[in-house]
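Residue-level listing of the chains:
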Amino acid sequence: MCGIVAYIGKKEAYPIVLKGLKRLEYRGYDSSGIALLKNEEIKLFKKEGKVLNLENHVESKDNSGTRGIGHTRWATHGPPNDKNAHPHLSQDGAIAIVHNGIIENYDVLRQELESKGYKFNSDTDTEVLCYLIADIKKNTGNKLGKSVRLALQQVVGAYAIVVMCKDEPNKLIAARKSSPLVIGIGKENDFYVASDATPIVEYTKQVVYLNDGEIAILNEKKGLKLYNIDEVQKDPYVEELELHLEALEKGGYDHFMLKEIHEQPHSIEDCFRGRLNAKEGWVSLGGIKYYENDIINANRIVMVACGTSWHACLVGEYLFEDLARINVEVEYASEFRYRNPIINEGDIVLAISQSGETADTMAALELAKSKGATILGICNVVGSSISRITDAGSYTHAGPEIGVASTKAFTAQVTVLTLMAASLARKKGKLNDSKYRNLLSSLEAIPQKVQLVLDKTEKIKKIAAKYKDASNALYLGRGSSFPVALEGALKLKEISYIHAEGYPAAEMKHGPIALIDEEMPVFVIATKGPSYEKVVSNIQEVKARKGKIIAIVTEGDEQVKQFADDYIEIPETNEYLVPLIATVPFQILSYYIAVMRECNVDQPRNLAKSVTVE
Ligand code: AGP
């Protein structure tokens, strides 16, 4: 939810930390701040709003120093303002901390510290942790690293922190539990720390992903030392980053979201590269393939996720049940984790998450694991928390998705689910050879077909202009296009702030049809397939009440065009693959409607890219 960047070494810290915060701004942008250590003094700068506000605030000040910690915030405790912005200082100003997560017992800790005479300046849980570390350091005489560890032993909740102390200027302390933190190892015994690898990649590709309960002491003179919460030293596992800097830039597009929409022919191809060969007739999905028998023999599969990833699970349900005849239940992770669900050892719980850090999804998995279920994951971020706790999983390889509204991650998730369903169906003998190969070759053709839809952007833009001032919208679909309707509605509402709802098309008669009038745009997926005629009837019901129909139709379909106010033709494909293509026009439509409404497309109000708190 928040972004952390830190540096210790010989270079000036401010430009490194500031640039890194800009790369992480998609994680939260209510406020930001930087603390710089020089000549055993800590200089603190922090401002409400975007990182640019901080930059403008600092540029005319002395921002020198080769140690720095920075933070961009998504508020959890205390409203967004300067005083609640991170970094926070200890009462004596000797220690500075940045924190991503939630300290659930902060109130108890705060009261204990207040009873000792401490006075707090902010409403945050983070300041409490900083005071606790300082209190322990003062009363025990321990060094910073041990003081941090002792403080964290008292903490209940989630944290990724970086701490620095003016009395120990040669070190930074980094620690994590349930919130991500990556350490970059520089070439001159300097160190970078960040919430993910994007602020680090331009300086070094040697990284250490901190695990839960680990504490790293980054000492410019003594190097990196890693401990667990019980002070047992561990060997750091250094990995080579595969991320490339250019992947992080907008690549000439106005927004990351538009870039990511247009990346989909490549991201879908990257997702199935090396995992699919229609000619030879095989699918091979890394870690998950070793669990195919477990999945086939499982009592059921429970898919857990949030938001767009939950919509991908719904597509997966249609694919797994229709193709492979495997019983699937789809659950909102936030509901699953609290409703005391029945979970047995024979169950498989599959989590889908772009960030791999969504708190509710993580918690749902931990609950399933505690009850003996096999837990699998489909994530986009390599080394993310969910990818590390699961028994096995598959990465979607969609590349960094910076835009808060998920696009290429969704089609990549559906691609992985399609590969899984095809492979399981084949293994269970539910899909004969020709249908199997047809499905695989159709999947191999999807990138080109998505490109054909992207080539219709100008037409879609014109349609967007017609409906940009709508106050409400309905999205309808049947079968595996129903989740696409849900996803289309989510895209519109989260970036244009137009209220939109997705429904199974047949549900119209059970209430929503009361909403239909000439002001109501109704986006309908009306592609050729088993329920085509029924969708056409639904379209006519809407037209009879003067609703506006914008239809996604199969190329060459002349029938629906007669009833639609506007239509977007998409290439014909295997019926199971329609969601991969039909979702793209809705992404483009939402994007241009949001742009025309002058909304902040990449960083919509109130939202963050990764919801790492409840
Ligand atoms: C989708 O556009 C939203 N950004 C949001 O619903 C997102 O899908 C959800 O928060 C889940 O995130 P995850 O895939 O990283 O777990």
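Summarised in this report is the structure supplied together with it. The written sequence of each chain sets the order in which its residues are numbered from 1. Only residues with pLDDT of at least 70 get local features here, since the model is predicted, and only at 80 or more are side-chain atom pairs given and counted; chain-wide, interface and lining totals rely on the full set of residues. To get the side-chain values, take all heavy atoms of the structure and skip hydrogens and water.

Some words on the layout of surface pockets
- Buriedness of a pocket was judged along seven lines, with at least five required to meet protein on both sides within 12 Å; pockets are open sets of points on a 1 Å grid over the protein atoms alone, cavities are sets where a 1.4 Å probe fits but cannot get out, and lining residues have an atom within 4 Å of a point. Grid points are joined across faces, edges and corners, and a volume is the space filled by probe spheres set on the points. Taken as a whole, the largest pocket encloses approximately 910 Å³ of empty space.
- The wall of the largest pocket is formed by 44 residues, among which Leu243, Asn380, Val382, Gly399 and Pro400 lie closest to the centre.
- Strands here mean DSSP runs of E at least two residues long; helices mean DSSP runs of H or I at least four residues long; both are numbered from the N terminus. Elements with a minimum of two residues in the lining of the largest pocket: β11 (206-209), β15 (239-240) and α7 (264-272).
- Among the elements that line the lining of the largest pocket, the one with the most residues is α7, at three residues.
- Grouping the constituent residues of the lining of the largest pocket by class yields 17 nonpolar, 13 polar and 14 charged.
- Cys306, Gly307, Thr308, Ser309 and Leu490 are the residues nearest the centre of the second largest pocket, which is lined by 32 residues in total.
- Listing elements by their share of the lining of the second largest pocket, those giving two or more residues are α9 (307-324), β20 (348-353), α17 (482-496) and β24 (499-504). Amino acids outside the nonpolar list (Ala, Val, Leu, Ile, Met, Phe, Trp, Tyr, Cys, Pro) and the charged list (Asp, Glu, Lys, Arg) are all regarded as polar, and Gly is one of them.

Topic: the environment of Arg149
- Within the secondary structure, Arg149 is located in helix α5 (residues 144-152).
- When the C-alpha positions of Arg149 and Leu36 are compared, they lie 23 Å apart, and in sequence the two are 113 residues distant.
- With residues up to four places along the chain from it excluded, the contact list for Arg149 reads Ile215, Asn228, Ile229, Asp230 and Glu231. Should any heavy atoms of two residues lie within 4.5 Å, those residues are counted as being in contact.

What about the packing of aromatic side chains?
- For Phe, Tyr and Trp, where Trp contributes only its six-membered ring, two rings pair if their centres lie within 6.5 Å, and the inter-plane angle classes them as stacked under 30 degrees, edge-to-face over 60, or tilted in between. Per the counting criterion, the structure on display carries ten aromatic pairs.
- Their ring planes at 10 degrees and their centres at 3.9 Å tell us that Trp310 and Tyr332 sit as a pair that is stacked. Taken as a pair, Trp310 in helix α9 and Tyr332 in strand β19 (residues 328-332) lie far apart in primary sequence, 22 residues in all.
- Trp310 sits in the buried class, given a relative accessible area of 12%. Here the term buried applies to any residue with accessible area under 20% of the maximum for its type, exposed to any over 50%, and partly exposed to those in between, with areas from a 1.4 Å probe on protein chains only.

Observations concerning the pattern of salt bridges
- By convention in these notes, a salt bridge is any Lys or Arg side-chain nitrogen within 4 Å of a carboxyl oxygen on Asp or Glu. Under the defined criterion, the tally for this structure stands at 37 salt bridges.
- The closest approach of N and O atoms between Glu214 and Lys234, which form a salt bridge, is 2.6 Å. With a gap of 20 residues between them, Glu214 in strand β12 (residues 214-219) and Lys234 in strand β14 (residues 233-234) connect regions that are remote in the sequence.
- According to the relative accessible area criterion, Lys234 is partly exposed, its value standing at 32%.

Focus on helix α4 (residues 125-140)
- In this scheme, a helix's expected span is set at 1.5 Å multiplied by one less than its residue total. For α4, built from 16 residues, the straight-helix expectation of 22 Å at 1.5 Å per residue is met to within 8% by its first-to-last C-alpha distance of 23 Å.
- Most of α4 is tucked away, with 13 of its 16 residues classed as buried.
- Of the residues flanking the end of α4, it is Gly141, one or two places downstream, whose phi is positive at about 75 degrees.

A look at the pairing of strand β13 (residues 223-228)
- Bridge count for β12 against β13 is six bridges, and the pairing is antiparallel. When the bridges of β13 are listed, Glu214 appears paired with Asn228.
- Whether two strands pair depends on DSSP finding at least two bridges between them. In textbook terms, the turn of a hairpin is the stretch between consecutive antiparallel strands, and for β12 and β13 this stretch comprises three residues.
- Strand direction decides the pairing type here: β13 and β14, joined by two bridges, are antiparallel. The partner of Tyr227 across the bridge, within β14, is Gln233.

Re the nonpolar core
- Counting residues in hydrophobic clusters, the biggest one holds 92 residues, and the most contacted among them are Ile295, Ile301, Met303, Phe320, Met420 and Tyr475.
- In terms of residue count, helix α19 (residues 578-596) provides more of this core than any other element does, twelve residues in total.
- Residue contacts for Phe320: discarding those within four places in its chain leaves Ile301, Met303, Arg325, Ile326, Val328, Leu417, Met420, Ala421 and Leu424.
- Residues belong to one nonpolar core when they are buried, are Ala, Val, Leu, Ile, Met, Phe, Trp, Tyr or Cys, and are joined through side-chain atoms within 4.5 Å. With 31 residues, the next largest nonpolar core counts Ile95, Ile103, Tyr131 and Ile215 among its residues.

Side note on the pairing of strand β1 (residues 3-8)
- Burial within β1 is extensive, with six of its six residues counted as buried.
- Judged from the six bridges that link them, β1 and strand β4 (residues 67-73) form a sheet pairing that is antiparallel. Bridge pairing in β4 places Val5 opposite Gly70.
- Of the pairings in the sheet, the one linking β1 to strand β10 (residues 191-194) comprises four bridges and is antiparallel in character. The partner of Val5 across the bridge, within β10, is Ala194.

Side note on the site of the ligand
- Throughout, the term near means that a residue has one or more heavy atoms lying within 4 Å of the molecule or strand in question. Taken together, 14 residues are adjacent to the ligand, and Ser309, Ser353, Ser355, Thr358 and Glu494 come closest.
- Measuring from an oxygen atom of the ligand, one finds a side-chain N or O atom of Ser353 at 2.7 Å.
- By the criterion applied in these results, polar contacts are pairs of N or O atoms within 3.5 Å in which, for protein atoms, one can donate a hydrogen and the other can accept it, and in which residues neighboring in sequence qualify only through two side-chain atoms. In the model, an oxygen atom of the ligand is placed 2.7 Å from a nitrogen or oxygen of the Ser355 side chain.
- Assignment of a molecule to a cavity or pocket requires that more than half of its atoms lie within 2 Å of the corresponding grid points. Given that more than half its atoms are within 2 Å of the pocket grid, the ligand belongs to the second largest pocket.
- Those elements that place two or more of their residues in the shell around the ligand are α9 and α17.
- When its residues are assigned to classes, the shell around the ligand shows four nonpolar, eight polar and two charged.

A word on unusual backbone geometry
- In this structure, Pro87 follows His86 across a cis peptide bond, with omega equal to 0 degrees.
- Here Pro87 shows up in the loop between β4 and β5 (88-89).
- Phi is positive for Asn189, close to 55 degrees, though the residue is something other than glycine.
- Along the chain, Asn189 turns up in the loop between β9 (182-185) and β10.
- We note that Asn606 has phi near 70 degrees; this positive angle belongs to a residue other than glycine.
- In this structure, Asn606 sits in the segment after α19.
- Look at Asn606 and you get exposed, because its relative accessible area is 64%.

Structural notes on the packing of helix α15 (residues 446-454) against α19
- Note on geometry: axes are C-alpha line fits, over the in-contact stretch for helices, and angles between N-to-C directions span 0 to 180 degrees. Between α15 and α19, the least distance of the axes is 9 Å, while the angle of their chain directions is 25 degrees. Relative to α19, the element α15 is oriented roughly parallel. In this structure, the crossing between α15 and α19 has a hand that is right-handed. Here α15 contributes Ile446, Lys449, Val450, Val453 and Leu454 to the contact with α19, which in turn contributes Leu580, Ile581, Val584, Pro585 and Ile588. Note on angle classes: values under 35 degrees are labelled roughly parallel, values over 145 roughly antiparallel, values of 65 to 115 roughly perpendicular, and the remainder oblique. Crossings are classed by handedness, with left-handed meaning an anticlockwise turn of the near helix from the far one by less than a right angle and right-handed meaning a clockwise turn.

A closer look at the environment of Asp294
- Here Asp294 is to be found in helix α8 (residues 292-297).
- On the basis of relative accessibility, which here comes to 36%, the residue Asp294 falls in the partly exposed class.
- Put simply, Asp294 and Asp347 are 53 residues apart on the chain and 8.9 Å apart in space, counted from C-alpha to C-alpha.

So, the sheet that holds strand β25 (residues 521-526)
- Overall, parallel pairing links the five strands, which are arranged β24-β23-β25-β26-β27 in an open sheet. Bordering the open sheet on either side are β24 and β27 (566-570), each of which pairs with just one other strand. Looking at each pair of strands side by side, their axes are set apart by 15 degrees on average, direction ignored.
- Of the pairings in the sheet, the one linking strand β26 (residues 548-554) to β27 comprises five bridges and is parallel in character. Paired with Ile552 across the two strands is Ile568, which belongs to β27.
- The strands touched by α17 are β23 (472-477), β24 and β25; relative to β24, the strand with the most contacts, the crossing angle is about 180 degrees.

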